[in-house]
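A look at the structure
Below, each chain spelled out in residue letters.
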Protein chains: 2
Amino acid sequence: MNDVADNTNAAGRPMFDKVALIGLGLIGSSLAQVMRRENLAGHIAGATRSESTLRRAEELGLCDSYHLDAAEAVKDADLVFLNVPVGAMGPVAERIAPSLKPGAILTDVGSVKGSVIRDVSPHVPEGVHFIPGHPIAGTEHSGPDAGFAELFENRWCILTPLKGTDEEALNRLTAFWKATGAHVDTMPAEHHDLVLGITSHLPHLIAYNIVATAADLEEVTESEVIKYSAGGFRDFTRLAASDPVMWRDVFLNNREAVLELLGRFMEDLSALQRAIRWGEGEKLHELFKRSRRIRREIIEAGQDTAAPGFGRR
Amino acid sequence: MNDVADNTNAAGRPMFDKVALIGLGLIGSSLAQVMRRENLAGHIAGATRSESTLRRAEELGLCDSYHLDAAEAVKDADLVFLNVPVGAMGPVAERIAPSLKPGAILTDVGSVKGSVIRDVSPHVPEGVHFIPGHPIAGTEHSGPDAGFAELFENRWCILTPLKGTDEEALNRLTAFWKATGAHVDTMPAEHHDLVLGITSHLPHLIAYNIVATAADLEEVTESEVIKYSAGGFRDFTRLAASDPVMWRDVFLNNREAVLELLGRFMEDLSALQRAIRWGEGEKLHELFKRSRRIRREIIEAGQDTAAPGFGRR
């Protein structure tokens, strides 16, 4: 992807001397692997709260040092990633703050940016550059085993820098993400939370909800739902298999945007319901025709495959 | 998959002497291709209403004879498939009825069974065996080019035989579907329409709806929706790229089941909305945890892939 030489400084050293990963789930593990491949860190320090996760990360050889105490992991780190559920960002920031090196870049990968800024900012020491971020990449799998170096390739990473952010720090973090294969955009946190509300949070909510509706039917057995799921239902179960703690925190912390979008979704659904009840075929047809163009544009933008059924086997 | 010898009768001939396919879209084209592979028909007669579709089918070499008049295609056929949108089933049945051979099996692949029985039955001549069917298989692509011989492999085909259906005819149709690689279930039409309502119709409706909601937002541009669609939204656009005429007809013809299920979905969604508004984290977490099991069972039943992100590239 990237020439290794691009990611070393003049002295031939890696892009960052020491990077700390707080949290080694899908994203943390993928970051560790792409950092190795692209020579982005001289030393990778990994920290998890769970002993078994840390042991598994060690078995996989993801990092250079392993820590149960996040404060220990961030010592002397030039770049610190918070890869924990958004509800845990505040407490983790508070814990590591006294150990952060002056001049370090502190960033995160949380799916909500407003709440992370609210919860983390108060703990950030003078001289530490806090730049919130969010790579729009993932799978339905969780934990260190789920990570892979190609996760960020051709995906977008959104940074939501605060007013007065140090330009050099922003450039260094941008370069880091580009080296992972990602494209980088910047935007205000509030706009991020609305955009991701529609492209990610609402879809997950809807997916969780339809799986629940199906599971609770009295007249249709679970075995029937499973056998005939290739009719469309199975697609939703993938999103609904995502990490439950991560998603609980997303909905609790992006409440306003999600409720606003959910309100619009329900309005639109009521209109569809009415069109079905009154047999308004032309209205349904017009609405259904619109969607194909958006699908085509997503494929043209390299954000999904053109292969039928996602090319699944 | 199946030994060719299994699909020939004692005299070494194909399973059916002549099969007529009325409609050569995704399903009709796939039927033609699997019939060739498995030696299921001595002669395949194809009919479409559109001249350009018929020409394309001919270029692809799908059939042995090509007809713009469905009545002509069904002459002397032992097995006739109606592969048209469910709203067109009645008119097509009326058109072909006088040309059907006594003893022939007449079946269909429509996604709704109650309405097809209502619309087709009145036209079925004495001595013709009408056995409604529905293979739970498909992709988001349409037309003769979208078909492939493996479409039905390890998918379920549901037959909804009417009271007094000839047992031998039912056995022959069952054997046909098994030869395509499908599993076969039988159930009452009304139950089919409810089961497919939850496993297929409601998921498509929800997918069409969220794409519309996203397209109509003022604060988020379409370009943003497309760029960041890997957050989950892109999954929905696949279902929403399905054939608009087919789906219009499904909703118009399975109205009662869809409205009932949609009512339940909206109730559940209102409960979720309330849980988010009031910050009920435990309730959200419990609900989200349930879905993983259903996803796992779908994978164990061979109805989806375990590969992350459907294994898409």
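Model, not experiment: these values are computed from the prediction.

Remarks on the interface of chain A and chain B
Counting from both sides, the interface comprises 91 residues of chain A and, opposite them, 91 residues of chain B. Listed by contribution, the elements that provide at least two residues to the side of chain A that touches chain B are helix 7 (189–215), helix 8 (222–227), helix 9 (233–239), helix 10 (244–253), helix 11 (255–277) and helix 12 (281–300) of chain A. It is helix 7 of chain A that contributes the most residues to the side of chain A that touches chain B, 19 residues altogether.

A few points about the domain arrangement of chain A
Residues and elements named next belong to chain A. Assigned domains of chain A: these are domain 1 (4–187) and domain 2 (191–305). Relative to domain 2, the C-alpha centre of domain 1 lies at a distance of 31 Å. Between domain 1 and domain 2, the contact holds 15 residues from the first and 18 residues from the second.

With respect to the sheet that holds strand 2 (residues 41–47) of chain A
Residues and elements named next belong to chain A. Pairing is parallel in the open sheet, where 6 strands are placed in the order 3-2-1-4-5-6. Each end of this open sheet is capped by a strand with a single partner; those strands are strand 3 (65–67) and strand 6 (129–131). On average, each strand axis in the sheet is inclined to that of its neighbour by 20°, with strand direction left out of account. Bridge count for strand 5 (residues 105–108) against strand 6 is 3 bridges, and the pairing is parallel. Within strand 6, the residue paired with isoleucine 105 across the bridge is histidine 129.

Digging into the pairing of strand 4 (residues 79–82) of chain B
Residues and elements named next belong to chain B. Here strand 4 shows a buried face lined by Leu79 and Phe81 and a second buried face lined by Val80 and Leu82. The pairing of strand 1 (residues 16–22) with strand 4 spans 4 bridges and is classified as parallel. Looking at strand 4, one finds that isoleucine 22 is bridged to leucine 82. Alignment of strand 4 against strand 5 (residues 105–108), held across 4 bridges, turns out to be parallel.

Considering the packing of helix 12 of chain A against helix 7 (residues 189–215) of chain B
To characterise two packed helices, one gives the angle between the axes of the helices and the distance between these axes. Taken N-terminus to C-terminus, the directions of helix 12 of chain A and helix 7 of chain B make an angle of 70°; their axes are 9 Å apart at the nearest point. The angle between helix 12 of chain A and helix 7 of chain B falls in the class roughly perpendicular. For the pair helix 12 of chain A and helix 7 of chain B, the contacting residues are Leu287, Phe288, Arg290, Ser291 and Ile294 of chain A in the first and Tyr208, Val211, Ala212 and Ala215 of chain B in the second. Counted by class, the contact of helix 12 of chain A with helix 7 of chain B contains 7 nonpolar, 1 polar and 1 charged residues.

Some points on the sheet that holds strand 9 (residues 183–186) of chain B
Residue and element names in this part refer to chain B. As summarised here, the arrangement of the 3 strands in space is 7-8-9, forming an open sheet in which the pairing is mixed. For this open sheet the edge positions go to strand 7 (133–135) and strand 9, each flanked by a neighbour on one side alone. Recorded for the sheet is a direction-independent mean angle of 20° between the axes of neighbouring strands. Bridge analysis of strand 8 (residues 156–159) against strand 9 gives 4 bridges, and the strand direction is parallel. Within strand 9, the residue paired with isoleucine 158 across the bridge is aspartate 185.

As for the nonpolar core
Ala20 and Ile22 of chain A together with Ala20 and Ile22 of chain B are the most contacted members of the largest nonpolar core, which has 202 residues in total. When neighbours within four sequence positions are excluded, isoleucine 22 of chain B is seen to be in contact with Ala47, Ala70, Ala73, Val80, Phe81, Leu82, Asn83, Val84 and Val92 of chain B.

Considerations on the relation of the copies chain A and chain B
In screw terms, the move from chain A to chain B is a rotation of 180° and a rise of 0.0 Å along the axis, fitting with an RMSD of 0.0 Å. The superposition operator between the copies reduces to a two-fold rotation axis. Mapped onto chain B, 100% of the interface residues of chain A are again interface residues, and the two copies thus contact each other with one and the same surface.

Description of unusual backbone geometry
The phi dihedral of aspartate 76 of chain A falls on the positive side, at around 70°, and the residue is not glycine. Within the secondary structure, aspartate 76 of chain A is located in the loop between helix 3 (70–73) and strand 4 (79–82).

Details of the environment of glycine 231 of chain A
By the secondary structure assignment, glycine 231 of chain A is in the loop between helix 8 and helix 9. When the C-alpha positions of glycine 231 of chain A and serine 242 of chain A are compared, they lie 21 Å apart, and in sequence the two are 11 residues distant. Glycine 231 of chain A has contacts with Ile136, Leu196, Thr199 and Ser200 of chain B, leaving out every residue within four places of it along the chain.

A few points about the environment of leucine 60 of chain A
Residue and element names in this part refer to chain A. Among the secondary structure elements, leucine 60 is positioned in helix 2 (residues 51–60). Since 15 C-beta atoms lie within 10 Å of it, leucine 60 is described here as partly exposed. Sequence separation of leucine 60 and leucine 151 is 91 residues, and the distance between their C-alpha atoms is 17 Å.

Basis of the calculations
- Numbering of residues starts from 1 in every chain and runs along the sequence as written.
- Think of it this way: whatever chain is written first is A, whatever ligand is written first is 1, and the rest follow in order.
- Totals for whole chains, interfaces and linings use all residues, but because this is a predicted model, local features are given only for residues with pLDDT of at least 70 and pairs of side-chain atoms are given and counted only at 80 or more.
- Contact definition: two residues whose C-beta atoms, as placed from backbone geometry, lie within 7 Å.
- Helical segments are the DSSP runs of H or I of at least four residues, strand segments are the runs of E of at least two, and each set is numbered from the N terminus.
- An automatic or database domain assignment is the source of the domain bounds shown.
- We treat two strands as partners when DSSP finds at least two bridges between them.
- Here an axis means a line fitted to C-alpha atoms, over the contact stretch when the element is a helix, while the angle between two N-to-C directions is reported on a 0 to 180 degree scale.
- Neighbour counting defines burial: a residue surrounded by 20 or more other C-beta atoms within 10 Å of its own C-beta is buried, one with 12 or fewer is exposed, and intermediate counts give partly exposed, using backbone-placed C-beta atoms.
- Here the angle decides the label: under 35 degrees means roughly parallel, over 145 means roughly antiparallel, 65 to 115 means roughly perpendicular, and every other value means oblique.
- Three residue categories are used. Nonpolar comprises Ala, Val, Leu, Ile, Met, Phe, Trp, Tyr, Cys and Pro, charged comprises Asp, Glu, Lys and Arg, and polar comprises the others, including Gly.
- Remark: nonpolar core denotes a set of buried Ala, Val, Leu, Ile, Met, Phe, Trp, Tyr and Cys residues whose joining runs through C-beta atoms within 7 Å.
- Here the copies were fitted onto each other by least squares, based on C-alpha atoms from residues at pLDDT of at least 70 in both.

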